[in-house]
Each structure stands twice: as C-alpha cells, then as structure tokens.
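Results of the structural survey
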Amino acid sequence: MGSGSTIERLVGEKPVVIFSKLSCSMCHSVKSLIKNYGANVTVYEIDEISNGQQIERELLLKLGGCQPSVPAVYIGQKLIGGADIIFTLQLKNELVPLLIQARAIWI
C-alpha cells in the first residue's frame, strides 16, 4: 500500500468532502449549509462504511484529538476543520470564497 492515508485517498481530487455520522446533528447542519450553496459535496457517513473506525481514528489524529471526529470538512483537499470552524468561516463570509477556490461552486 502507498504512503497516503485512507483519508487522503478518499479526499482525492474531490472539491469538498465531509466526514459525517448519521446520528450527528452538527454534521447535518454543516452538510446542509454547504449543500445550500450548490456545492459539489462528497459525504462519507463513517458509521455506515466498513473502515469507519479506522477513518475516525485518523480524523482524531489530524484534528488533534481535542474535538469530535465529525463533522470533518475538507475543502480543496485541505482539512478545514469541524462545525465550529465552518460556521465561523460562514459568519466571516469566508466560506464561499473557499468553495469557489476549490471549484466546488461557480458564481
């Protein structure tokens, strides 16, 4: 197997990837927010996929282990962060420019 992590392979060339859990209300809010811009979003429900526990461990390591593993939002193949960061970017009007830059939406 190559040196890339499972997460890096899943994120690949996709403009927006959200790692989520079906039971997570903040995940639902983040998905709705980004999808409402018409963004091209790939969602992985880690409580539904076979290697979800491994992915969750990788996310916790990348996030520093001090916050929930989901939602974890990647925009333009970069880990942006969880719900708190996404909503802060939204309030500062910085989310849409990130989505445009990642070619997730076109204005």
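By the naming in an unreviewed UniProt entry, the chain is Glutaredoxin domain-containing protein, taken from Cannabis sativa. Quoted straight from UniProt, the Sequence similarities (unreviewed entry) entry for the chain says "Belongs to the glutaredoxin family. CC-type subfamily." Turning to the chain, the UniProt record has this under Subcellular location (unreviewed entry): "Cytoplasm".

1. Looking at the overall build of the chain
Check the secondary structure of the chain and you find five helices and four strands. Listed by position from the N terminus, the elements making up the chain come as α-β-α-β-α-β-β-α-α. Expected size for 107 residues packed as a compact globule is a radius of gyration near 13 Å; at 13 Å, the chain falls within 12% of this value. Its C-alpha atoms give the chain principal-axis dimensions of roughly 40 × 30 × 25 Å. Of all 107 residues assigned to the chain, the portion counted as buried reaches 43%. Taking as baseline every contact in the chain between residues at least 6 positions apart, the subset at least 24 positions apart corresponds to 62%. Only carbon and sulfur atoms are counted for the fraction: they give 53% of the accessible area of the chain, which is about 6,100 Å². Side-chain charges of the chain comprise 10 positive and 9 negative groups, with the mean position of each set lying 4 Å from the other.

2. Regarding unusual backbone geometry
The omega angle of the peptide bond from V70 to P71 is -5 degrees, so this bond is cis rather than trans. Considering the arrangement of structural elements, one finds P71 in the loop between helix 3 (52-63) and strand 3 (72-75). The backbone phi angle of N93 is positive, close to 55 degrees, even though this residue is not glycine. Positionally, N93 belongs in the loop between helix 4 (83-91) and helix 5 (95-101).

3. Side note on the nonpolar core
Looking at soluble globular proteins, one finds that nonpolar side chains tend to be buried together. Counting residues in each nonpolar core, the largest one holds 18 residues, and the members touching the most others are V16, I34, I75, I86, L95 and L99. Those elements that place two or more of their residues in this core are strand 1 (16-20), helix 2 (25-35), strand 3, helix 4 and helix 5. Counting 15 residues, the second-largest nonpolar core is a separate cluster that includes I7, V17, I55 and V70.

4. Notes on the sheet that holds strand 2 (residues 41-45)
Spatial ordering of the open sheet is given by 2-1-3-4, a layout of four strands whose pairing is mixed. Strands at the two margins of the open sheet, each flanked by one partner only, are strand 2 and strand 4 (78-81). Neighbour to neighbour, the strand axes of the sheet diverge by 25 degrees on average, direction disregarded. Here five bridges tie strand 1 to strand 2, and the two strands are oriented parallel to one another.

5. Examining the pairing of strand 4
A regular strand places its side chains so that they alternate between the two faces of the sheet. Sheet topology note: the strand 3/strand 4 ladder contains three bridges and is antiparallel. Within strand 4, the position partnered with Y74 by the bridge is L79. From the end of strand 3 to the start of strand 4, which pair antiparallel, there are two residues, and G76 there has a positive phi angle of about 60 degrees.

Rules of the game
- Residues numbered from 1 in each chain as written.
- Predicted model: local features only at pLDDT ≥ 70, side-chain atom pairs only at ≥ 80, totals over all residues.
- Heavy atoms only, no water.
- UniProt positions renumbered as here; feature names shortened; annotations may be inferred.
- Helix = DSSP H or I, 4+ residues; strand = E, 2+ residues; numbered from the N terminus.
- Rg over C-alpha atoms; globule rule 2.2 N^0.38 Å.
- Buried < 20%, exposed > 50% of the residue type's maximum accessible area, 1.4 Å probe, protein only.
- Contact = heavy atoms within 4.5 Å.
- Areas by Shrake-Rupley, 256 points an atom, 1.4 Å probe, with all protein chains shown as cover.
- Lys, Arg positive; Asp, Glu negative; His and termini not counted.
- Charge placed at Lys NZ, Arg CZ, Asp CG, Glu CD.
- Core = buried A, V, L, I, M, F, W, Y, C linked by side-chain atoms within 4.5 Å.
- Pairing = 2+ DSSP bridges.
- Axes fitted to C-alpha atoms, helices over the stretch in contact; angles between N-to-C directions.

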